[in-house]
Amino acid sequence: MLNGSAGMAPRELLHAGDPAPRGEDGTPSSFVRGGTMHELFASCVARYPDAIALVHREASLTYSELDALSDHYAVALERAGVGSGDVVPVVMQRSPELVGLLLAVLKRGAAYSAMDPQWPAERLAALVTRLHARLVVTGASGPWPVPALAPPGYDPDVPGRRPGPARADADDPCMVLFTSGSTGPPKGVVAPHRGVVRLYDACDWMPAGPGVTMPQLSASSWDGFVVDCWGPLLTGGTTILVDDQILFPDTLGELRDKHGVNVVFLTPSLFNMLVEEGVESFAGIQTILIGGERASSAHARRFLEHHPAARLVNLYGPTECGVLVTAHDVTLPDCASADGIPLGRAVPYTGIHVLDGLRVCDVGEPGEICLAGAGLAIGYLDDPEATARSFVEVDVDGIGRRLYRTGDLGHWSADRRLCFDGRGDLQVQVQGYRVEPAEIELAAAQVAGVVMPTVVPLKRDGEIEALALFYTSQQAQVSEADVRAELARQLPAYLVPSRIRRLDRIPVLANGKLDRKLLEMMIGGTAGSTA
């Protein structure tokens, strides 16, 4: 049960919305089409019942058909006792049935936690236990710690019944997303409906509505799923379920030609790879959204030069604040800025503060990016200590606010756009100096021909002794020695990595983000000789 679970923020804090830059007050009562995800979907069913909602391989479902499928599953969940306050783990491959089941969980007033069936069985069982679930929905066999409910068969020609009413409002949980656990056990981020609804009730940061066709590439367990699956489905567009999570140039062209895909959401790592391997493959795609990592100015510049009529939008936001807090339309001048590509301005119902401790930073002054508003998570599942550390009550300009401390560093530009300065917790101590790897990456990106510069620490006996820089380049003459010489010209000696290595391709994880652990293994994980 989620209601009353340890680690939940007191209910009165759930209304601590900040005024957004466009004047929205951030409260659930401001929402127009509904306060929950399934209410937004219901509004699309009512307005566009015969429009195509979902496509998978050769099959498609209209909004009314997807609604009926989710009702069928919701009735089965109702019979199994699922209701308001429950959390339901769903362990299934990407498919229309998965989307229907997630909608069904929401219709029952419960929250879902989508998990990848390819995860190790031990991890799956441990996460299901942590969720205090009464059942797990899956077609996979295994030693589940709770009863398993297989998706019931569905015949669209057989009249079904609608599930009974279930209570849910904007402040209730809609999903639990687990972090990677790279620094310890995975944290369960408990997200409320309002965090998603604020993005799509009146969407103005991405194309939305009928005519928008978007491939669904993000793993359902990742917060990017909120963008490339729910984005179209909660606004009247079409979601194309793609079996492969990694998008290749040929695949992008096929999706455009066969399904009319015109909006794509990619991590910067995948975007960079596509730009390098076939920038022409983006032809006909009207809008490319990138987010989840720092954007590459070199790749953005190359894309915009090849596709000047296309829209490239840089997105920023953590899982703990509704996935997304800023958006910025990238321009060629942005790609030449010493600050890198801006994170942009706040999306609706979102407050952004750059703070030095409790002091508000001036324009141009770096500080920690702290977030407020309707997107804030309720907290971490069963972890009140972690919740209290990350979600704090502070007075900003004399007004009490609930803030999420991102650990990201940034500053405001003169035109009030948020700029990214790196991760505070990625700073490392090397030879007695406090080093920000992002500073080195930004300098390397200024070297002609260098793309995707990535810095990783080199450790010996658990201590960081030096840094390694990886990069790619299509220009044969850009040698590792040349990169070292240029960095030595720009940076103090202690900031020049001891090892510099050129790769054909920077490795990425299944979620499209950089595989830093593999990079550490490539270099041996220890300090040593220079390039």
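Everything here concerns the structure above.
To keep things clear, this report deals only with the structure shown in the data block. (Residues numbered from 1 in each chain as written. Predicted model: local features only at pLDDT ≥ 70, side-chain atom pairs only at ≥ 80, totals over all residues. Heavy atoms only, no water.)

1. Focus: the packing of aromatic side chains
Right, so step 1: What the rule picks out here adds up to 10 aromatic pairs.
Right, so step 2: Taking 5.2 Å as the distance between ring centres and 85° as the angle between the ring planes, the aromatic pair formed by Phe-282 and Phe-303 counts as edge-to-face. Taken together, the residues span a long stretch of sequence, with Phe-282 in the loop between α9 (268-278) and β12 (287-291) and Phe-303 in helix α10 (residues 297-306) at a distance of 21 residues. Summarising the burial analysis for this pair, Phe-282 and Phe-303 share the class buried.
Right, so step 3: Note on Phe-391 and Tyr-404: the rings are 5.1 Å apart at their centroids and 40° apart in plane angle, and the pair reads as tilted. Remark: Tyr-404 occurs in strand β21 (residues 399-412) and Phe-391 occurs in strand β20 (residues 391-396); sequence separation between them is 13 residues. (Phe/Tyr/Trp six-rings, centres within 6.5 Å; stacked < 30°, edge-to-face > 60°. Helix = DSSP H or I, 4+ residues; strand = E, 2+ residues; numbered from the N terminus. Buried < 20%, exposed > 50% of the residue type's maximum accessible area, 1.4 Å probe, protein only.)

2. Observations concerning the nonpolar core
Right, so step 1: Grouped together as the largest cluster of nonpolar side chains are 68 residues, with contacts concentrated most on Leu-66, Tyr-200, Trp-205, Trp-230 and Leu-289.
Right, so step 2: Looking at which element gives the most residues to this core, the answer is helix α3 (residues 96-107), with 8 residues.
Right, so step 3: Ranked by size, the runner-up nonpolar core spans 29 residues in total, among them Leu-217, Val-264, Leu-266 and Ile-285. (Core = buried A, V, L, I, M, F, W, Y, C linked by side-chain atoms within 4.5 Å.)

3. Overview of the sheet that holds strand β14 (residues 326-329)
Right, so step 1: Taken in spatial order, the 5 strands of this open sheet run β11-β12-β13-β14-β15, and their pairing is mixed. Each of the sheet's edge strands pairs with one partner strand only, and the pair in question is β11 (263-266) and β15 (345-346). (Pairing = 2+ DSSP bridges.)

4. Things to note about unusual backbone geometry
Right, so step 1: Even without glycine at this site, Tyr-349 takes up a positive phi of about 60°.
Right, so step 2: As for its placement among the helices and strands, Tyr-349 is situated in the loop between β15 and β16 (350-356).
Right, so step 3: Note on Tyr-349: relative accessible area 7%, which makes it buried.
Right, so step 4: A positive phi angle is found at Asp-382, which is not glycine, with a value near 55°.

5. As for the environment of Thr-387
Right, so step 1: By the secondary structure assignment, Thr-387 is in helix α12 (residues 384-390).
Right, so step 2: With 10 residues separating them in the primary sequence, Thr-387 and Ala-377 have C-alpha atoms 9.6 Å apart.
Right, so step 3: Of the polar contacts made by the side chain of Thr-387, one reaches the backbone nitrogen of Tyr-380; its length is 2.9 Å.
Right, so step 4: At 3.0 Å, the side chain of Thr-387 and the backbone oxygen of Asp-383 are in polar contact. (Polar contact = N/O pair within 3.5 Å; in protein donor to acceptor, adjacent residues only side chain to side chain.)

6. Let's talk about the pattern of salt bridges
Right, so step 1: Applying the stated criterion across every chain yields a total of 18 salt bridges.
Right, so step 2: In this structure, Lys-107 and Asp-67 form a salt bridge, with 2.6 Å as the shortest nitrogen-oxygen distance. Taken together, the residues span a long stretch of sequence, with Lys-107 in helix α3 and Asp-67 in helix α2 (residues 63-79) at a distance of 40 residues.
Right, so step 3: Of the residues examined, Lys-107 reaches a relative accessible area of 12% and is grouped as buried.
Right, so step 4: Owing to a relative accessible area of 11%, Asp-67 belongs among the buried residues under this scheme.
Right, so step 5: When the shortest N-O distance is used, the salt bridge between Asp-71 and Arg-162 registers 2.9 Å. Of the two residues, Asp-71 sits in helix α2 while Arg-162 sits in the loop between β6 (148-149) and β7 (173-178), which places them 91 residues apart along the sequence.
Right, so step 6: Classification of Asp-71 by relative accessible area gives buried; the value is 5%.
Right, so step 7: Overall, Arg-162 belongs to the exposed group, its relative accessible area being 56%.
Right, so step 8: Members of the salt-bridge network, linked through shared partners, are Asp-67, Asp-71, Lys-107 and Arg-162. (Salt bridge = Lys/Arg side-chain N within 4 Å of Asp/Glu carboxyl O.)

7. Quick notes on the environment of Ala-166
Right, so step 1: As for its position among the elements, Ala-166 is in the loop between β6 and β7.
Right, so step 2: Between the alpha carbons of Ala-166 and Arg-108 there is a distance of 5.3 Å; along the sequence they are 58 residues apart.
Right, so step 3: Discounting residues that sit within four places of it in the chain, Ala-166 has contacts with Ser-84, Lys-107, Arg-108 and Gly-109. (Contact = heavy atoms within 4.5 Å.)

8. Comments concerning the pairing of strand β10 (residues 238-241)
Right, so step 1: Neither face of β10 is open: one carries Thr-238 and Ile-240, the other Thr-239 and Leu-241, and all of them are buried.
Right, so step 2: Across 3 bridges, strand β1 (residues 52-56) lies against β10 in parallel orientation. Bridge pairing in β10 links Leu-54 to Thr-239.
Right, so step 3: Here strand β9 (residues 213-216) pairs with β10 via 4 bridges, running parallel. Looking at the pairing, Pro-215 lines up with Ile-240 of β10.

9. Digging into the packing of α9 against α10
Right, so step 1: It is the contact of α9 with α10, at a shortest axis distance of 10 Å, that shows an interaxial angle of 50°. Our classification of the angle between α9 and α10 gives oblique. At the point where α9 passes α10, the crossing takes the left-handed sense. In contact with Phe-271, Asn-272, Val-275 and Glu-276 of α9, α10 contributes His-299, Ala-300, Arg-302 and Phe-303. (Axes fitted to C-alpha atoms, helices over the stretch in contact; angles between N-to-C directions. Parallel < 35°, antiparallel > 145°, perpendicular 65-115°, else oblique. Left-handed = near helix turned anticlockwise from the far one by under 90°.)

10. Comments concerning the packing of helix α1 (residues 37-47) against α2
Right, so step 1: Two elements in contact, α1 and α2, have axes separated by 8 Å at closest approach and are oriented at 135°. Between α1 and α2, the crossing angle belongs to the class labelled oblique. Handedness of the α1/α2 crossing: left-handed. Of α2, the residues touching α1 (which contributes Phe-41, Cys-44 and Val-45) are Tyr-63, Ser-64, Leu-66 and Asp-67.
Right, so step 2: Classifying every residue of the contact of α1 with α2 gives 5 nonpolar, 1 polar and 1 charged. (Nonpolar A, V, L, I, M, F, W, Y, C, P; charged D, E, K, R; others polar.)

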